[in-house]
Amino acid sequence: DAKTTQPPSMDCAEGRAANLPCNHSTISGNEYVYWYRQIHSQGPQYIIHGLKNNETNEMASLIITEDRKSSTLILPHATLRDTAVYYCIVRVSGLDSSYKLIFGSGTRLLVRP
Amino acid sequence: GAVVSQHPSWVICKSGTSVKIECRSLDFQATTMFWYRQFPKQSLMLMATSNEGSKATYEQGVEKDKFLINHASLTLSTLTVTSAHPEDSSFYICSAASSGRAYEQYFGPGTRLTVT
């Protein structure tokens, strides 16, 4: 089962910041938080990941609370092309030392013109 | 960034036949590949994890004799849906990760399977 909880849908205006919350209250100390997004009928696209420090890249910023029980993905200037389903995922270790991504239901973000 | 391809992008087959889907990492060596299934308006469900040269590890509830996975090289994994039925109709997505960058999984564009 997914270890994250996200609101099913959100919307924001084009050009404004989109802040997508995620709860992962049962996260373990060595488990990373990943964010992916999926545009309709395509494969998921990697956005960002982090362990406990805030992270920023060319796509987004990831803010992780100090207790690591929740995080927020920030798209600083949302565009219409950012309309997608956003998945917050806690990466878990597989039995064979691989890392598995268990997808939850995600947040459907609609960016309005 | 790394590129993962899938072939075919869509396929229609008759009930009872088998279908093979290919997943290729085009510009990196994928030591681990993953197969997911996604039904309409649902999230991705992990089916199995495969490491190059070894048997795949299937998630609970996934029939390994029905969904045959082969990861014979560092750039190719295949998923064969055997004796397909209409309920196997779904969007199948693979992802790949390299040992050097295990923190990133790169996803393919997906294959839409329709069984009639």
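Figured I'd write up the structure that's included with this text. Keep in mind the model is a prediction, meaning the values are calculated, not measured.

Let us now look at the overall build of chain B. The secondary structure content of chain B amounts to 0 helices and 11 strands. The order of α-helices and β-strands along chain B, N terminus first, is β-β-β-β-β-β-β-β-β-β-β. The C-alpha radius of gyration computed for chain B amounts to 13 Å, which stays within 12% of the reference 13 Å derived for 116 residues, consistent with globular compactness. Each of the three principal axes of chain B carries a C-alpha extent, and together these read 40 × 25 × 20 Å. Counting over 116 residues, chain B shows a buried share of 51%. Within chain B, contacts between residues at least 6 apart in sequence are counted, and of these 54% link residues at least 24 apart. Of the roughly 5,600 Å² of accessible surface on chain B, 52% is carried by carbon and sulfur atoms. Chain B carries 10 positive and 9 negative side-chain charges, and their two centres are separated by 5 Å.

With that out of the way, let us pick up the overall build of chain A. Helix and strand counts for chain A stand at 0 helices and 10 strands. Its helices and strands in sequence order give chain A the pattern β-β-β-β-β-β-β-β-β-β, from N to C terminus. C-alpha extents for chain A along the principal axes are approximately 45 × 30 × 25 Å. Expressed as a percentage of its 113 residues, the buried residues of chain A come to 45%.

Under the counting rule described, the total for this entry stands at 2 disulfides over all chains. One disulfide bridge connects Cys22 of chain A with Cys88 of chain A, the sulfur atoms lying 2.1 Å from each other. Between Cys22 of chain A and Cys88 of chain A, the disulfide has an S-S torsion of -80° and is therefore left-handed. With Cys22 of chain A in strand β2 (residues 18-23) and Cys88 of chain A in strand β8 (residues 84-93), the pair connects residues that are 66 residues apart, well separated along the chain. Note on accessibility: Cys22 of chain A and Cys88 of chain A belong to one class, buried. Each sulfur in the disulfide pair Cys23 of chain B and Cys94 of chain B lies 2.0 Å from the other. Its S-S torsion of approximately 80° makes the covalent link between Cys23 of chain B and Cys94 of chain B right-handed. Highlighted residues: Cys23 of chain B in strand β3 (residues 19-25) and Cys94 of chain B in strand β9 (residues 90-97), separated in sequence by 71 residues. Each member of the pair, Cys23 of chain B as well as Cys94 of chain B, is classed as buried. Of all cysteine sulfurs in the structure, the one in Cys22 of chain A sits closest to Cys12 of chain A, which takes part in no disulfide; the separation is 18 Å.

Under the defined criterion, the tally for this structure stands at 11 aromatic pairs over all chains. Aromatic pair Tyr87 of chain A and Phe103 of chain A: ring centres 5.1 Å apart, planes at 80°, arrangement edge-to-face. Placement of Tyr87 of chain A in strand β8 and of Phe103 of chain A in the loop between β9 (99-101) and β10 (107-112) is noted, with a sequence separation of 16 residues between them. Classification of Tyr87 of chain A by relative accessible area gives buried; the value is 3%. One residue, Lys66 of chain B, lies across the ring of Phe67 of chain B, its end atom 6.0 Å from the ring centre.

Conventions used here
Residues numbered from 1 in each chain as written. Chains lettered and ligands numbered in written order. Predicted model: local features only at pLDDT ≥ 70, side-chain atom pairs only at ≥ 80, totals over all residues. Heavy atoms only, no water. Helix = DSSP H or I, 4+ residues; strand = E, 2+ residues; numbered from the N terminus. Rg over C-alpha atoms; globule rule 2.2 N^0.38 Å. Buried < 20%, exposed > 50% of the residue type's maximum accessible area, 1.4 Å probe, protein only. Contact = heavy atoms within 4.5 Å. Areas by Shrake-Rupley, 256 points an atom, 1.4 Å probe, with all protein chains shown as cover. Lys, Arg positive; Asp, Glu negative; His and termini not counted. Charge placed at Lys NZ, Arg CZ, Asp CG, Glu CD. Disulfide = S-S within 2.5 Å. Phe/Tyr/Trp six-rings, centres within 6.5 Å; stacked < 30°, edge-to-face > 60°. Lys NZ or Arg CZ within 6 Å of the ring centre and 35° of its normal.

The analysis is restricted to geometry; functional conclusions fall outside its scope.
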